[in-house]
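Here's the letter readout for the chains.
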Amino acid sequence: MNEIWAGIVEAFRLIITLDRDLFEITLRSLQVSMSALVIACIFALPFGTWLAIRRFRFRRLTIATLNALMGLPPVVVGLIVYLLLSRSGPFGVLGLLFTPTAMIIAQVIIITPLIASLTHQAMRELWAEYHDLLISLNTTSRQRILTLIWDGRRALLTGALAGFGRAIGEVGAIMIVGGNIDHATRVLTTAIALETGKGDFALALGLGFVLIALALLVNFAIHTLSRTEQEGTW
Amino acid sequence: MVAGINLVALRAVCVKRRSKLILGPVSLDLKGSGLTIVLGPNGAGKTTFLKVLHGIERISSGSVQWSMAERSVRRTQSYVFQRPVMLRRTVRQNLAYPMKLLGQQASKIDEHVIYWANQIGLTEMLNSPATRLSGGEKQKLALGRALIRKPKILFLDEPCANLDGRSTREIETLLLSANSSGTRIIMATHDLGQSRRLATDVVFLLNGQVHEQGPAEDILCSPQTSEAKAFLKGEIVE
Ligand SMILES: Nc1ncnc2c1ncn2[C@@H]1O[C@H](COP(=O)(O)OP(=O)(O)O)[C@@H](O)[C@H]1O
Ligand SMILES: [Mg+2]
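In short, a report on the structure.

So, how was this worked out
- Residues numbered from 1 in each chain as written.
- Chains lettered and ligands numbered in written order.
- Predicted model: local features only at pLDDT ≥ 70, side-chain atom pairs only at ≥ 80, totals over all residues.
- Heavy atoms only, no water.
- Pairing = 2+ DSSP bridges.
- Helix = DSSP H or I, 4+ residues; strand = E, 2+ residues; numbered from the N terminus.
- Axes fitted to C-alpha atoms, helices over the stretch in contact; angles between N-to-C directions.
- Contact = heavy atoms within 4.5 Å.
- 1 Å grid on protein atoms, 1.4 Å probe; cavity = no way out; pocket = protein on both sides within 12 Å on 5 of 7 lines; lining within 4 Å.
- Points joined across faces, edges and corners; volume = space filled by probe spheres on them.
- Nonpolar A, V, L, I, M, F, W, Y, C, P; charged D, E, K, R; others polar.
- Parallel < 35°, antiparallel > 145°, perpendicular 65-115°, else oblique.
- Left-handed = near helix turned anticlockwise from the far one by under 90°.
- Buried area = accessible area lost by both parts, 1.4 Å probe.
- Salt bridge = Lys/Arg side-chain N within 4 Å of Asp/Glu carboxyl O.
- Polar contact = N/O pair within 3.5 Å; in protein donor to acceptor, adjacent residues only side chain to side chain.
- Buried < 20%, exposed > 50% of the residue type's maximum accessible area, 1.4 Å probe, protein only.

So, the sheet that holds strand 9 (residues 209-215) of chain B
Residues and elements named next belong to chain B.
Thinking step 1. Overall, mixed pairing links the six strands, which are arranged 5-6-7-3-8-9 in an open sheet. Two strands bound the open sheet, and with one partner strand each, they are strand 5 (77-80) and strand 9. Sheet twist, expressed as the mean angle between neighbouring strand axes with direction ignored, is 15°.
Thinking step 2. One ladder, built from five bridges, connects strand 3 (residues 35-39) with strand 7 (residues 184-189); its direction is parallel. Bridging from a neighbouring strand, L35 pairs with I185 of strand 7.
Thinking step 3. Helix-sheet contacts for helix 4 (residues 135-147) involve strand 5 and strand 6 (153-157), and the interaxial angle to strand 5 is about 175°.
Thinking step 4. Against the sheet, helix 5 (residues 165-180) makes contact with strand 3, strand 6 and strand 7, and its axis sits at roughly 150° relative to strand 7, the strand it touches most.

What follows is the structure in structure tokens.
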């Protein structure tokens, strides 16, 4: 118990004094997950919207696949990305294994289906509401997608935040493809795993508090967004 | 548009859904001016009929022939739906939306938005979210958003259902003034009083069939078919 208490005190000292290691690791976590988020959104938002307003032959199958991909275990994603990027793999020549880029790739694969699926749900609802008006006003496909994305922006942001939350808290995949290398690929989650194993609870707890704070922030933002959505405040 | 010239011709139009005939066969001509009331009880096919005219309901057979070029048909028409569709935006942005789609100048859009907000009595609400308006205000906003495009033809689907007397009067006043400045109006209702107040001609629909069509005074005062007689007497027809 004493050890944990001392850990908590030390953790606060590290945070308040902006400890260099803690700062570096937090920053890298944010960099990796933010990059993954931006790339995932570039694919997922238009794709989810398109899926909501287009009727095509394999639509149901596509949606089912998307939902199945959402359940992919991150560790397996890590393994697959590892095999693809390893020296003997098809993309081995790029030398990306154990770099932040590899971690970003893994996180993009993990969160894209989630964001696309949430986008699809939100946009399907909005499209049902707007369908008649947008058809009657003779809108082009481009105008329809832009209108839906703009008017559904709060729901889309909620989806993106959920994706970010998943990315920043993920440990299995980035441990495998990043290797948790000090000053190179160490991020909040992998560092916590390592420091806990070593018995350095102070740093582990300090990192843990930062992670919790980020997660709370994301959840608070999602909550606020969905409330303004319901109340119809702009 | 010259009065008396045919506007649109329907020939043997049928609409089938799940192998059930919900409209038709309908063959009729509508003239180039006036205010047509599509009258009939719930489920008669009024909504389907209006949507067919507007070109947003697929027809199973028959033809709809407009007197104007195919390309400009939908562009010159506005449609106010039975349940008004409110964009999740402010009243101002809802009014501006159709003009924005046409890529018009911001200053011109502003000017029209202010004019129409005043016409529909929502000037005070310009910056409120449209989804929070009352039923009557939503209908008026939908009407303003339809009229801001300066349509040649305006379709309305029971715009005053569920509204109180005052809102109904305001909407009817707007419709009459649009009509007298040249907008052709085609409007569905099951309200007899409203038909008497507004109609220049009437299409009486029942079970997907046109039972009577002609000038308002003929249909509303001396109907020929027994179904129309019963409906006009206030009896329940199905
Ligand atoms: N998509 C649909 N599929 C099956 N039946 C429909 C559909 N749309 C309307 N109907 C039926 O067609 C009939 C006419 O509907 P509608 O045009 O909405 O009538 P009204 O507007 O006069 O109340 C109704 O009996 C309705 O149940
Ligand atoms: Mg109807």
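After presenting the structure, the write-up continues.
Quick look at empty space enclosed by the protein
Thinking step 1. Summed over the entire model, instances satisfying the criterion amount to one cavity of 30 Å³ or more.
Thinking step 2. L133 of chain A together with Y79, A142, R145 and A146 of chain B are, among the 14 residues lining the largest cavity, the residues nearest its centre.
Thinking step 3. The set of elements that each furnish at least two residues to the lining of the largest cavity consists of helix 5 (100-136) of chain A together with strand 5 and helix 4 of chain B.
Thinking step 4. By residue class, the composition of the lining of the largest cavity is ten nonpolar, two polar and two charged.

Focus on the packing of helix 4 (residues 74-85) of chain A against helix 5 of chain A
For any two helices packed against each other, the geometry is given by the interaxial angle and the distance between the axes.
Residues and elements named next belong to chain A.
Thinking step 1. One can describe the packing of helix 4 onto helix 5 by two numbers: an axis separation of 10 Å at closest approach and a directional angle of 135°. Taken together, helix 4 and helix 5 sit at an angle that is classed as oblique. With respect to the hand of their crossing, helix 4 and helix 5 are arranged in right-handed fashion. In this structure, helix 4 uses P74, V77, V81 and L85 to contact helix 5, whose residues at the interface are A102, I105, A106, I109 and I110.
Thinking step 2. Among the residues forming the contact of helix 4 with helix 5, the class breakdown is nine nonpolar, no polar and no charged.

Side note on the environment of I39 of chain A
Residues and elements named next belong to chain A.
Thinking step 1. The residue I39 is located in helix 2 (residues 20-53) in this model.
Thinking step 2. A sequence separation of 67 residues divides I39 from A106, and the C-alpha atoms of the two residues are 12 Å apart.
Thinking step 3. Not counting residues up to four positions away in its chain, the partners in contact with I39 are I104 and V108.

Points about the layout of surface pockets
Thinking step 1. Roughly 550 Å³ of volume is contained in the largest pocket.
Thinking step 2. F81, Q82, R83, P84 and V85 of chain B are, among the 22 residues lining the largest pocket, the residues nearest its centre.
Thinking step 3. Put simply, the parts of the chain that give the lining of the largest pocket at least two residues each are helix 5 of chain A together with helix 1 (46-54) and helix 4 of chain B.
Thinking step 4. Of the residues forming the lining of the largest pocket, the biggest block, four residues, is contributed by helix 5 of chain A.

Observations regarding the packing of helix 2 of chain A against helix 7 (residues 153-168) of chain A
Residue and element names in this part refer to chain A.
Thinking step 1. Between helix 2 and helix 7, the least distance of the axes is 9 Å, while the angle of their chain directions is 140°. Relative to helix 7, the element helix 2 is oriented oblique. For the pair helix 2 and helix 7, the sense of crossing is right-handed. Facing helix 2, whose interface residues are S29, L30, S33, M34, L37, C41 and L45, helix 7 presents L156, A160, F164, A167 and I168.
Thinking step 2. Here the contact of helix 2 with helix 7 is composed, by residue class, of ten nonpolar, two polar and no charged.

Points about the sheet that holds strand 2 (residues 20-31) of chain B
Residue and element names in this part refer to chain B.
Thinking step 1. Taken in spatial order, the three strands make up an open sheet running 2-1-4, and their pairing is antiparallel. A single partner strand is all that each edge strand has here, and the edge strands are strand 2 and strand 4 (61-66). Strand-to-strand twist in this sheet, taken as the mean axis angle between neighbours without regard to direction, amounts to 15°.
Thinking step 2. Inspection of the sheet shows strand 1 (residues 6-17) paired to strand 2 by eight bridges, in the antiparallel sense. For A9, the partnering residue across the bridge sits in strand 2 and is D29.

Regarding the interface of chain B and chain A
Thinking step 1. Tallying the contact residues gives 20 residues for chain B and 20 residues for chain A.
Thinking step 2. Summing the contributions of chain B and of chain A, the shared interface buries around 2,000 Å²; its carbon and sulfur component is 53%.
Thinking step 3. Of all residues in chain B, R88, R89 and L101 of chain B give up the largest surface area on contact with chain A, accounting jointly for 35% of the area buried on that side.
Thinking step 4. Applying the counting criterion to the chain B and chain A interface returns three salt bridges.
Thinking step 5. At the junction of chain B with chain A, the criterion picks out eight residue pairs in polar contact (both at pLDDT 80 or more).
Thinking step 6. Of all the secondary structure elements, the ones that give two or more residues to the side of chain B that touches chain A are helix 1 and helix 2 (91-101) of chain B.
Thinking step 7. Looking at the side of chain B that touches chain A, the element that brings in the most residues is helix 2 of chain B, giving three residues.
Thinking step 8. The residue makeup of the side of chain B that touches chain A, split by class, is ten nonpolar, two polar and eight charged.

Thoughts on helix 9 (residues 188-198) of chain A
Thinking step 1. Listed as buried for helix 9 of chain A are L188, T189, T190, A191, I192 and E195 of chain A.
Thinking step 2. Positive phi appears at G199 of chain A, one or two residues downstream of helix 9 of chain A, with a value of about 90°.

So yeah, pure geometry; function would need other evidence.
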